[in-house]
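For reference, the chains in residue letters:
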Amino acid sequence: MSDSKYITLISYDGFEFVILREAALISETIRAMLRGPFREAQTGRCEFGEIRGPVLEKVVEYFHYHHANRDQTDVPDMDIPVDICLELLMAADFLGLDSKPQMRDIS
């Protein structure tokens with residue numbers, strides 16, 4: 001199992017995003033990929049065959065934004081480009097971002 005502090009998320013069109021593992025673990029899907037008997041758990045690289053680079057970039061931005069503001073209240077909304085809204089909703093659903101994870105699930 002890769003215990004690196006960082007992981008790499010890869011879009012279907014080849015864009016790679018290196019992100020703090022702890023920030024990405026708010027995703028139920030990524031958490032399962034990194035903790036299960038999957039190649040991703042060994043390599044620390046998660047490939048998403050149906051998520052385009054610009055959409056995954058916004059997901060990564062959200063992971064960082066959420067992580068940086070996790071203890072804050074009254075956090076302003078992120079800017080979401082209208083042209084990727086539907087794809088972003090589908091990616092969020094796939095990644096399990098529609099429910100707030102419990103702290104015990106993240107560690």
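Small disclaimer: the values here were computed from a predicted structure and weren't measured.

A. Spatial organisation of the pairing of strand S2 (residues 16-20). Here strand S1 (residues 6-10) pairs with S2 via 5 bridges, running antiparallel. Opposite Ile-7, over in S2, you have Ile-19 as the bridge partner. What sits between S1 and S2 in their antiparallel hairpin is a turn of 5 residues, with Gly-14 showing a positive phi close to 90°.

B. Molecular detail of the environment of Tyr-62. Locating Tyr-62 in the fold gives a position in helix H4 (residues 53-68). On the accessibility criterion, Tyr-62 (30% relative accessible area) is partly exposed. Distance from Tyr-62 to Met-78, taken between C-alpha atoms, is 7.8 Å for residues 16 residues apart in sequence. With residues near it in sequence (within four places) discarded, Tyr-62 still touches Ile-26, Met-78 and Leu-97.

C. Region of interest: the sheet that holds strand S3 (residues 45-47). Spatially, the 3 strands line up as an open sheet ordered S2-S1-S3, and their pairing is mixed. A strand with exactly one partner marks an edge of an open sheet, and here the two such strands are S2 and S3. Between one strand axis and the next, the sheet turns through 25° on average, direction left out of account. In the packing of helix H2 (residues 28-35) onto the sheet, the strands contacted are S1 and S3, and the crossing angle to S3 comes to about 125°. Most of the contacts of H4 go to S2, to which it runs at about 10°, and overall it touches S1 and S2.

D. Summary view of the packing of H4 against helix H5 (residues 85-94). The geometry of H4 relative to H5 is characterised by a closest axis approach of 10 Å and an angle of 60° between their N-to-C directions. It follows that H4 is oblique to H5 by the angle criterion. Pair H4 / H5 crosses with right-handed handedness. Across from Val-55, Lys-58 and Val-59 in H4, the residues of H5 making contact are Glu-87, Leu-88 and Ala-91. When the residues that make up the contact of H4 with H5 are grouped by side-chain class, the tally is 4 nonpolar, no polar and 2 charged.

E. Spatial organisation of the nonpolar core. Within the largest apolar cluster, 24 residues are counted, with the highest numbers of intra-cluster contacts made by Leu-9, Ile-19, Ile-30, Phe-48 and Phe-63. Elements supplying a minimum of two residues to this core: S1, S2, helix H1 (21-24), H2, H4 and H5. With 5 residues, H4 is the largest single contributor of residues to this core. Sequence-distant contacts of Phe-63, defined by excluding residues within four places in its chain, comprise Leu-9, Ile-19, Ala-23, Ala-24, Ile-26, Ser-27, Ile-30, Leu-95 and Leu-97.

How each quantity is defined
Residues numbered from 1 in each chain as written. Predicted model: local features only at pLDDT ≥ 70, side-chain atom pairs only at ≥ 80, totals over all residues. Heavy atoms only, no water. Pairing = 2+ DSSP bridges. Helix = DSSP H or I, 4+ residues; strand = E, 2+ residues; numbered from the N terminus. Buried < 20%, exposed > 50% of the residue type's maximum accessible area, 1.4 Å probe, protein only. Contact = heavy atoms within 4.5 Å. Axes fitted to C-alpha atoms, helices over the stretch in contact; angles between N-to-C directions. Parallel < 35°, antiparallel > 145°, perpendicular 65-115°, else oblique. Left-handed = near helix turned anticlockwise from the far one by under 90°. Nonpolar A, V, L, I, M, F, W, Y, C, P; charged D, E, K, R; others polar. Core = buried A, V, L, I, M, F, W, Y, C linked by side-chain atoms within 4.5 Å.

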